[in-house]
Amino acid sequence: MEDYSGRKPKKDGIKAHKAAQQRKGDWLGRSAAKKERKPQREHTVRLEEDFRERHTAREPRYAGGEQPDREDRRKKEAARQKRRQRRQIRRLITVGALALALILTSLLVKAAVKGISKKTQEAKAKAEALELEKKESKIKEASAVITTAGDVIMHRPFLESSTYYNGEDYDYNAIFTYMKEIYEAADFTALTTEYALTDGNYSGYPNFCSPDAIADALAANGVDMCMLANNHIYDNGDEGLQRTMDVLTQKNLLYTGARKSEKDKKYIVQDINGIKVGFFNYVYETEVVDGLKSINGIAVSEESENLINSFQEADPQSLYNDVKEILAGMKEEGVEYIIAYMHWGVEYQTQENSYQDAIAKELCDMGIDALIASHPHVIQPVDLLESSDGKHKMVCAYAIGNHLSNQRTEYMDGLTDGYSEDGMVVTLTIHRDTKGKITLEKADFTPTWVYHDQDPDDEYFILPLGHPEEIKEAAGLDNIKEDVDDSLERTNGIVGEGVKKVQEALPLEQ
């Protein structure tokens with residue numbers, strides 16, 4: 001091939017390399033003989049030999065003229081195949097050994113972890129058992145007595161009678177003279193207050209606006225809590241609702257069924273002698289007025305509609321949803337016994353209706369321990385309900401009547417035949433043992449009757465009839481024997497069978 005670079009073509013091979021080295025030595029003015037030393041000559045010889053070996057290996061397979069023996073090639077190829085197979089087998093054996101070692105290691109680790117886990121679980125179980133023992137040893141045996149009375153209704157005579165109003169101030173303490181001992185004998189006493197506490201402009205039926213003096217009398221005679229979810233709590237609108245709660249707080253009276261703001265709870269959990277008892281209270285709603293929910297036919301403002309615990313008879317599920325949230329909140333607070341107070345039913349009916357039955361059964365299924373209700377102004381039956389799974393029982397008093405009112409037989413136009421003069425006080429004795437088990441040990445149902453005298457002016461006493469002969473003597477009231485006997489007969493006729501059923505089931509584990 002012709003070279004167009006203007007330079008002479010380089011000589012190939014070792015000779016060309018040596019000639020170039022010789023020229024380079026001459027140019028530097030050095031002798032080629034002096035330049036080449038023995039080590040350099042030996043290195044050059046090795047390079048030549050390597051060069052020949054490489055080029056010889058690249059010569060055509062039949063260079064030299066003689067074709068290699070095919071049998072030898074096959075043998076060599078077979079030998080190479082065997083060597084490759086042996087190498088593959090060694091690799092497989094190595095990989096298998098590593099995998100087996102890994103599996104064995106994994107199994108050993110798992111066994112060790114399992115052993116540790118088992119020991120850990122055993123240690124945890126022992127620790128939990130010890131913790132439970134410590135907890136049980138710290139649990140103190142305790143008892144709590146809770147008394148509940150019915151509706152307190154401030155009719156007009158309580159506002160106008162000179163017995164209670166001296167022209168400047170009201171004083172209602174005398175009304176509770178014979179009940180004070182029962183209130184104070186309990187560790188906690190609650191009742192329903194069917195009125196709004198207002199600053200003047202007092203009135204009786206149909207809008208009950210009452211003086212603060214009634215709250216003073218309740219607090220002074222041993223009442224601890226008022227149920228506000230009733231059909232007269234909104235008789236003075238938003239102002240009356242808020243003021244009622246403010247006054248009760250000032251008088252150191254607890255309340256449930258209404259709340260100051262939506263941030264407040266719909267229930268209360270009270271520590272009573274070391275036992276945490278939960279209470280909640282609901283009232284039925286009436287028909288919607290101008291698109292707003294109503295209580296006793298009065299439209300409740302948007303500001304207050306969520307401040308009163310209420311439910312629609314046609315939509316009990318909304319009530320159940322509320323109760324689920326309440327129970328969850330109570331459990332977080334460590335509640336041990338739960339009482340539901342319902343304001344429901346049909347006025348002057350001495351038998352509960354179907355919707356009362358349905359709600360009571362559902363509340364029992366939800367784990368409520370006792371249900372005590374009011375509103376009909378008369379007493380309704382007592383029963384012991386059992387949950388649908390048979391694991392829980394609930395004491396149920398469908399209505400416990402009026403505690404204080406002016407609904408006298410002579411004023412009722414034959415509606416009640418004396419039943420509106422009767423009431424009932426329910427007293428529950430709850431016990432907790434050192435293991436934390438809660439038991440309803442006692443359930444007492446004390447009949448009451450409201451005495452009324454008009455000479456010289458309207459005067460009222462609430463008389464407990466648990467021991468009628470004693471109260472007749474203690475009261476020193478003339479001509480009450482027949483009235484007391486009639487009241488007892490009316491009450492026992494309604495609740496006698498249910499009271500017996502409850503008391504025969506005691507003590508009742510909750």
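The model shown is predicted, which means the values in this text are computed figures rather than measured ones.

(A) Structural context of the pairing of strand S18 (residues 422-432). S18 sits mainly inside the fold: 11 of its 11 residues count as buried. Residue alternation in S18 divides its side chains into two sets, Asp 422, Met 424, Val 426, Leu 428, Ile 430 and Arg 432 and Gly 423, Val 425, Thr 427, Thr 429 and His 431, and both sets are buried. Relative to S18, strand S1 (residues 142-152) runs antiparallel, the two sharing 7 bridges. Residue Ser 143 lies in a different strand from S18, and its bridge partner there is His 431. Hairpin remark: S18 followed by strand S19 (residues 438-453), antiparallel, with 5 residues in the connecting loop; positive phi at Gly 436, about 90°.

(B) The arrangement of the nonpolar core in detail. Counting residues in each nonpolar core, the largest one holds 75 residues, and the members touching the most others are Tyr 172, Phe 280 and Trp 344. If you tally residues by element for this core, the top one is helix H9 (residues 316-332), at 6 residues. In this structure, Ile 146, Tyr 341, Ile 430 and Ile 494 belong to the second largest nonpolar core, which totals 37 residues.

(C) Geometry of the packing of H9 against helix H10 (residues 354-365). For the pair H9 and H10, interaxial distance at closest approach is 11 Å and the crossing angle is 25°. Judged by the inter-axis angle, H9 sits roughly parallel to H10. Read as a crossing pair, H9 and H10 show a hand that is right-handed. Between H9 and H10, the residues in contact are Pro 316, Leu 319, Tyr 320 and Val 323 and Ala 358, Ile 359, Glu 362 and Leu 363, respectively. Partitioned by chemical class, the residues of the contact of H9 with H10 number 7 nonpolar, no polar and 1 charged.

(D) Representation of a negative patch on the surface in the model. A cluster of like negative charges, contributed by Glu 482, Asp 483, Asp 486 and Glu 489, occupies part of the molecular surface. Checked against the element boundaries, Glu 489 lands in helix H12 (residues 481-505). Given a relative accessible area of 59%, Glu 489 falls into the exposed group.

(E) Main features of empty space enclosed by the protein. What the rule picks out here adds up to 1 cavity of 30 Å³ or more. Quantified by volume, the largest cavity comes out at close to 60 Å³. Thr 192, Tyr 341, Ile 372, Ala 373 and Ser 374 are the residues nearest the centre of the largest cavity, which is lined by 13 residues in total. Of all the secondary-structure elements, those providing two or more residues to the lining of the largest cavity are S1, strand S13 (337-343) and strand S14 (370-374). Along the lines of polarity and charge, the residues of the lining of the largest cavity split into 7 nonpolar, 6 polar and no charged.

(F) How the structure looks around the packing of aromatic side chains. All chains considered together, the criterion is met by 16 aromatic pairs. With centroids separated by 5.8 Å and ring planes inclined at 15°, the aromatic side chains of Tyr 170 and Tyr 172 adopt a geometry described as stacked. The interplanar angle of 65° and the centroid separation of 6.3 Å between the aromatic rings of Tyr 205 and Phe 208 together place this pair among those described as edge-to-face. Assessed through its relative accessible area of 2%, Phe 208 is described here as buried. Just above the ring of Tyr 419 sits the side chain of Arg 490; from NZ or CZ to the centre is 6.0 Å.

(G) Layout of unusual backbone geometry. Of the consecutive residues Asp 455 and Pro 456, the connecting peptide bond is found in the cis state with omega at 5°. As for its placement among the helices and strands, Pro 456 is situated in the loop between S19 and strand S20 (459-464). A cis amide bond, omega -5°, links Leu 506 with the succeeding residue Pro 507. Relative to the helices and strands, Pro 507 resides in the loop between H12 and strand S21 (508-509). At Asn 201, a residue that is not glycine, the phi angle is positive and equals roughly 50°. Assignment of secondary structure puts Asn 201 in the loop between strand S3 (196-197) and strand S4 (209-210).

(H) Main features of the sheet that holds strand S9 (residues 286-289). If you trace the 3 strands from one edge of the open sheet to the other, you get S9-S10-S11, paired in antiparallel fashion. Either end of the sheet is taken by a strand with one partner, and the two such strands are S9 and strand S11 (298-299). The pairing of strand S10 (residues 292-295) with S11 spans 2 bridges and is antiparallel. The partner of Ile 295 across the bridge, within S11, is Ile 298.

(I) Representation of the environment of Ala 149. Following the sequence through the fold, Ala 149 ends up in strand S1. Counting along the chain gives 77 residues from Ala 149 to Cys 226, while the straight-line C-alpha distance between them is 10.0 Å. In contact with Ala 149, not counting residues within four places along its chain, are Ala 190, Leu 191, Thr 192, Ile 400, His 403, Met 424 and Val 425.

(J) Main features of the pattern of salt bridges. Scanning the model with the defined rule gives 14 salt bridges in all. Notably, a salt bridge pairs Arg 156 with Glu 160, separated by 3.4 Å at the nearest N-O pair. Pair noted here: Arg 156 and Glu 160 are both in helix H5 (residues 156-160), with a separation of 4 residues, about one helical turn. Among the residues examined, Arg 156 registers a relative accessible area of 41% and is labelled partly exposed. Close ionic contact of Lys 437 with Glu 509 constitutes a salt bridge, the shortest N to O distance being 3.4 Å. Of this pair, Lys 437 sits in the loop between S18 and S19 while Glu 509 sits in strand S21, and the two are 72 residues apart along the sequence. Residue Lys 437 is classed as partly exposed on the basis of its relative accessible area of 37%.

(K) Just H12, in detail. At Val 495, H12 shows its strongest bend, of approximately 55°. Of the residues making up H12, those classed as buried are Val 484, Ser 487, Leu 488, Arg 490, Thr 491, Ile 494, Val 495, Gly 498, Val 499 and Val 502. Turning to H12, the residues buried within the fold contact strand S15 (382-386), strand S16 (393-397), S18, S19 and helix H11 (468-475).

What counts as what
- Residues numbered from 1 in each chain as written.
- Predicted model: local features only at pLDDT ≥ 70, side-chain atom pairs only at ≥ 80, totals over all residues.
- Heavy atoms only, no water.
- Buried < 20%, exposed > 50% of the residue type's maximum accessible area, 1.4 Å probe, protein only.
- Helix = DSSP H or I, 4+ residues; strand = E, 2+ residues; numbered from the N terminus.
- Pairing = 2+ DSSP bridges.
- Core = buried A, V, L, I, M, F, W, Y, C linked by side-chain atoms within 4.5 Å.
- Axes fitted to C-alpha atoms, helices over the stretch in contact; angles between N-to-C directions.
- Parallel < 35°, antiparallel > 145°, perpendicular 65-115°, else oblique.
- Left-handed = near helix turned anticlockwise from the far one by under 90°.
- Contact = heavy atoms within 4.5 Å.
- Nonpolar A, V, L, I, M, F, W, Y, C, P; charged D, E, K, R; others polar.
- Patch = residues over 30% accessible without salt bridge, like charges linked within 9 Å, V, L, I, M, F, W, Y side chains within 5 Å.
- Areas by Shrake-Rupley, 256 points an atom, 1.4 Å probe, with all protein chains shown as cover.
- Salt bridge = Lys/Arg side-chain N within 4 Å of Asp/Glu carboxyl O.
- Lys, Arg positive; Asp, Glu negative; His and termini not counted.
- Charge placed at Lys NZ, Arg CZ, Asp CG, Glu CD.
- 1 Å grid on protein atoms, 1.4 Å probe; cavity = no way out; pocket = protein on both sides within 12 Å on 5 of 7 lines; lining within 4 Å.
- Points joined across faces, edges and corners; volume = space filled by probe spheres on them.
- Phe/Tyr/Trp six-rings, centres within 6.5 Å; stacked < 30°, edge-to-face > 60°.
- Lys NZ or Arg CZ within 6 Å of the ring centre and 35° of its normal.
- Bend = angle between axes of the 7 residues up to and from the residue.

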